[in-house]
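# A structural walkthrough
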Amino acid sequence: PAAPDAALQLRILQDLAAMTLGRTPIADILQLVAEGVFRGVGCDRVIVALLSPDRLHLHGKTALGSGVEALCARFDFEMEGDPDDVVDAAIDSAQGCWVNAARVEQPGTERLQQVTACDEGFVVPFGTASRQIGLLYADRNGRPLDAESWRAVQHFALQASLAVALSVADSGTN
């Protein structure tokens, strides 16, 4: 597993900004967001998940890391609107969650833990100010996470949100 690399994070964030301004397709931007979290932040497993058009399911779309193909296939959640569930809450509130030992003691992490088999990870939504379209999940496959990595993953999700918002503005819908 790679160690966090602040210089690489900065380069990838600069590339993301240029791609966003250059109106690069969202799928390409989300792929680079995943790469930034994987290579720059040093997470072992990264999933970019998107809501279905009817907003009733969240599906893993892009994955990086060891064994993530199977994880991406399992990363499929019904959106039930449960305010205690970390996945539902992230989409509904547009707020990320750092799942750690303290959070696992509270209700709402069971579905995520069942899918990821991990007690520590980041769940950060992205989209427009009024409508989230997906989330970024990242972990170190059981190794501890830290506050610097949390801020970095949130920054990559923010860059994804900026690209989505610009894309929506260009299309004239919201």
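Just so we're clear, the structure is a prediction, and the values are computed from it rather than from any experiment. (Residues numbered from 1 in each chain as written. Predicted model: local features only at pLDDT ≥ 70, side-chain atom pairs only at ≥ 80, totals over all residues. Heavy atoms only, no water.)

What follows covers the side chain of Arg-140. With respect to the helices and strands, the residue Arg-140 is situated in the loop between strand S6 (132-139) and helix H7 (147-171). Polar contacts involving the side chain of Arg-140 include one to the side chain of Ser-149, which spans 2.7 Å. Setting aside residues up to four positions removed in sequence, Arg-140 forms contacts with Pro-4, Val-41, Gly-42, Cys-43, Asp-44, Leu-145, Asp-146 and Ser-149. (Helix = DSSP H or I, 4+ residues; strand = E, 2+ residues; numbered from the N terminus. Polar contact = N/O pair within 3.5 Å; in protein donor to acceptor, adjacent residues only side chain to side chain. Contact = heavy atoms within 4.5 Å.)

Averaged over every residue, the pLDDT of the protein is 93; residues scoring 70 or more account for 98%. Least confident of the elements in the protein is helix H5 (residues 101-104), whose mean pLDDT is 89; most confident is strand S1 (residues 45-51), at 98. (pLDDT = per-residue confidence, 0-100.)

In this structure the tally under the stated criterion is five aromatic pairs. Summarising the aromatic geometry, the rings of Trp-98 and Phe-122 are spaced 5.4 Å apart at their centres and angled 75° between planes, so their arrangement reads as edge-to-face. Placement of the pair is Trp-98 in strand S4 (residues 97-99) and Phe-122 in strand S5 (residues 121-127), with a sequence separation of 24 residues. Taking the relative accessible area as the measure of exposure, Trp-98 reaches 23% and is therefore partly exposed. With a relative accessible area of 0%, Phe-122 lands in the buried category. (Phe/Tyr/Trp six-rings, centres within 6.5 Å; stacked < 30°, edge-to-face > 60°. Buried < 20%, exposed > 50% of the residue type's maximum accessible area, 1.4 Å probe, protein only.)

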